[in-house]
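Here's the letter readout for the chains.
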Amino acid sequence: MKALVLGATGHIGNAVVRELLDRGYHVTAAYRQPGPRPNLQGLPVDRRPGDQDSPGQIERWVEGHDLVIDAATPYPTNLYNRARAAAERRTHELLNAVMRRGCVFGYVSSFTTLKRASEAMEYWGTNLAMRLHPYFALKQNLENLVMSAADNGLRTVIINPTMCLGPWDAHDRELCLIPRLLSGEVPGAVNQILNVIDVREVANGFVSAVEGERYGQRMIFSGHNISVQNLFSWICEVGEVNSPQWPTMPISLTAFTALGIEAVLGIALDDPPVKALAPILMYQHEWLPPCPAFQELGIPVRPLYETLRDSINWYRDIDYC
C-alpha cells in the first residue's frame, strides 16, 4: 500500500507517518517548508516538500497512492484571518483528486466540530467564543465537505482528537507548551479541565480505523481528563524543574480578554502578538468518559506519565528546553 500524508511534519501527521511505516506501508511525506525537518530525520519516506496552494501540486502529490491522509488542513489562527475561501478551494481540489483515483481518504478534523451547542445558560460563554472566532465555523464547514463526499461514495475516515501531547512535535517553539513551561515562560494557569491524548494513540486509532474500513464515521479520540493546574505541575515534576505557584484565572475571563486584545490590535497589525485561539480551544474542553472509539478498535491508552516523559525527552533532544 502506498500512502500519502499531507502535513507529514506536523504533530499528528508525523505520528501517522511513523504508524504507517510500522505497518509496512510505503509512505510519501508531503509538507510545506523545504530543508531539514527534525521529525522526519532517519525515516524511510519519500520526501515531497511543496506549496499545496500551487496550481496542480495536490494532483501531483495524490497521483499513484492508495491512501491519502490529510493532516494539513489550513485554519485561521487569528480573528482577522481570511483563509476560508482558500481552505475551501484546497479541500475541494483534494477531495476531487482522491475521488477520481479511488483512494481511501483519512481526514484530521477537530473535537470542536462534535461539540453540540447547548442552550443551557452555563454554556453561553463557550458558545459565544466559538461564534466569535472564525476557526470553528471553518473547521465545521470543511468537515461537512468531507462528509458530503463520503455520502457520494468516498471511502473516508474522519477523526476528531482532543489535545495531543507526545513526541515528534516540530512546531515553532513559541507554540509548544511544554518547553515554555519548563523554561519558566508561562505566566499563569486557568481553572479548566482538559482532555489530553498521546499523539501515538491518535495515529494508532486512525490507521486502525482506516484498515477496519470505518468509512463515513466521525470519531472523537479522547484520553485523560486533568486540570490545567495539575497538568502544569506534573510536567514540571517529570521534567525535574521547580513547579511555581501559578496565578489562576477563570478560563472565561482569559478567553474573552484575549479576544478583546486581539480584536483591538488586529485593526492595526496583520499578525497581532496576542492570539485568542489557544484559550478559546481550552474553553471548549470538558470532562469526557473513556474513549468509545478506542475501546471498539482495541487501542490501549498509555499512562499520562509516559506521554509527558516522552514529550519532554523529545523537546530536549531538539534543544527546545
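Source: prediction; values computed, not measured.

1. Things to note about the environment of L142
At step 1: Mapped onto the elements of the fold, L142 is located in helix α5 (residues 134-151).
At step 2: Placed 160 residues apart in sequence, L142 and R302 show a C-alpha to C-alpha distance of 31 Å.
At step 3: The residues contacting L142, other than those within four sequence positions of it, are T73, P74, A87, E88, T91 and Y107.

2. Here we look at unusual backbone geometry
At step 1: The residue W168 is not glycine, and still its phi comes out positive at about 80 degrees.
At step 2: On the basis of relative accessible area, W168 is assigned to the buried category, the value being 17%.
At step 3: The residue E213 is not glycine, and still its phi comes out positive at about 55 degrees.
At step 4: The topology assignment puts E213 in the loop between α7 (199-211) and β10 (217-221).

3. Quick notes on empty space enclosed by the protein
At step 1: Evaluated as defined, the whole model comprises one cavity of 30 Å³ or more.
At step 2: Estimated volume of the largest cavity: approximately 30 Å³.
At step 3: The element best represented in the lining of the largest cavity is strand β9 (residues 193-198), accounting for three residues.
At step 4: Its residues assigned to classes, the lining of the largest cavity comprises four nonpolar, two polar and three charged.

4. Some thoughts on a nonpolar patch on the surface
At step 1: A cluster of nonpolar side chains, contributed by W124, L128 and L132, occupies part of the molecular surface with about 300 Å² of accessible area.
At step 2: In this structure, W124 sits in helix α4 (residues 124-132).

5. A short note on the sheet that holds strand β5 (residues 104-108)
At step 1: Taken together, the seven strands give an open sheet; going across it, the order is β3-β2-β1-β4-β5-β6-β10, and neighbouring strands pair in parallel fashion. The open sheet terminates on both sides in strands that have one partner only, identified here as β3 (46-49) and β10. Recorded for the sheet is a direction-independent mean angle of 20 degrees between the axes of neighbouring strands.
At step 2: Judged from the five bridges that link them, strand β1 (residues 2-6) and strand β2 (residues 26-31) form a sheet pairing that is parallel. Among the inter-strand pairings, K2 is bridged to a residue of β2, identified as H26.

6. Here we look at the pairing of β1
One face of the sheet, then the other: side chains in a regular strand alternate in exactly this way.
At step 1: Among the five residues that make up β1, four are buried, leaving the element largely enclosed by the rest of the structure.
At step 2: Taking the sense of rotation as the criterion, the β-α-β connection linking β1, helix α1 (residues 11-22) and β2 turns out right-handed.
At step 3: The pairing of β1 with strand β4 (residues 67-70) spans four bridges and is parallel. Within the sheet, the bridge partner assigned to A3 lies in β4 and is L67.

7. Digging into the nonpolar core
Side chains of nonpolar character tend, in soluble globular proteins, to be buried together.
At step 1: In terms of nonpolar packing, the biggest core is built from 77 residues, with V16, L20, F206 and F221 touching the most fellow members.
At step 2: Broken down by element, the residue count for this core peaks at seven residues, all from α7.
At step 3: Not counting residues up to four positions away in its chain, the partners in contact with F206 are V16, I69, G106, Y107, V108, V157, I159 and F221.
At step 4: Within the second largest apolar cluster, 23 residues are counted, among which are A87, L94, A97 and I158.

8. A word on the sheet that holds strand β7 (residues 163-165)
At step 1: Taken in spatial order, the three strands make up an open sheet running β7-β9-β11, and their pairing is mixed. Unpaired on one side and paired on the other, β7 and β11 (224-227) mark the two borders of the sheet. Put simply, the sheet's adjacent strands are angled 45 degrees from each other on average, direction ignored.
At step 2: Two strands pair when backbone bridges link them, and β9 and β11 are joined in this way by four bridges, in the antiparallel orientation. Counterpart to I193 in the pairing with β11 is S227.
At step 3: Contacting β7 and β9, α7 runs over the sheet at an angle of about 65 degrees to β9.

9. Remarks on the packing of aromatic side chains
At step 1: Applying the stated criterion across every chain yields a total of eight aromatic pairs.
At step 2: With centroids separated by 5.5 Å and ring planes inclined at 85 degrees, the aromatic side chains of Y75 and Y135 adopt a geometry described as edge-to-face. You can see Y75 sitting in the loop between β4 and α3 (84-101) and its partner Y135 sitting in helix α5, a full 60 residues away along the chain.
At step 3: What makes Y135 buried here is its relative accessible area of 7%.
At step 4: Centroid distance W124 to F256: 6.2 Å. Interplanar angle 15 degrees. Geometry classified as stacked. With W124 in helix α4 and F256 in helix α9 (residues 251-268), this residue pair connects regions lying 132 residues apart in the sequence.
At step 5: The exposure class assigned to F256 is partly exposed, which follows from its relative accessible area of 24%.
At step 6: A connected cluster of aromatic rings, assembled from ring pairs, spans Y75, Y135 and F136.

10. Here's the deal with the pattern of salt bridges
At step 1: Counted according to the given criterion, the structure contains 20 salt bridges.
At step 2: Measuring nitrogen to oxygen at the nearest pair gives 3.6 Å for the salt bridge that ties E185 to R180.
At step 3: Among the ionic contacts, a cluster of salt bridges with common partners joins D198, R200, E201, R302, E306, R309 and D310.

Calculation notes
Residues numbered from 1 in each chain as written. Predicted model: local features only at pLDDT ≥ 70, side-chain atom pairs only at ≥ 80, totals over all residues. Heavy atoms only, no water. Helix = DSSP H or I, 4+ residues; strand = E, 2+ residues; numbered from the N terminus. Contact = heavy atoms within 4.5 Å. Buried < 20%, exposed > 50% of the residue type's maximum accessible area, 1.4 Å probe, protein only. 1 Å grid on protein atoms, 1.4 Å probe; cavity = no way out; pocket = protein on both sides within 12 Å on 5 of 7 lines; lining within 4 Å. Points joined across faces, edges and corners; volume = space filled by probe spheres on them. Nonpolar A, V, L, I, M, F, W, Y, C, P; charged D, E, K, R; others polar. Patch = residues over 30% accessible without salt bridge, like charges linked within 9 Å, V, L, I, M, F, W, Y side chains within 5 Å. Areas by Shrake-Rupley, 256 points an atom, 1.4 Å probe, with all protein chains shown as cover. Salt bridge = Lys/Arg side-chain N within 4 Å of Asp/Glu carboxyl O. Pairing = 2+ DSSP bridges. Axes fitted to C-alpha atoms, helices over the stretch in contact; angles between N-to-C directions. Right-handed = clockwise from strand over helix to strand, strands pointing away. Core = buried A, V, L, I, M, F, W, Y, C linked by side-chain atoms within 4.5 Å. Phe/Tyr/Trp six-rings, centres within 6.5 Å; stacked < 30°, edge-to-face > 60°.

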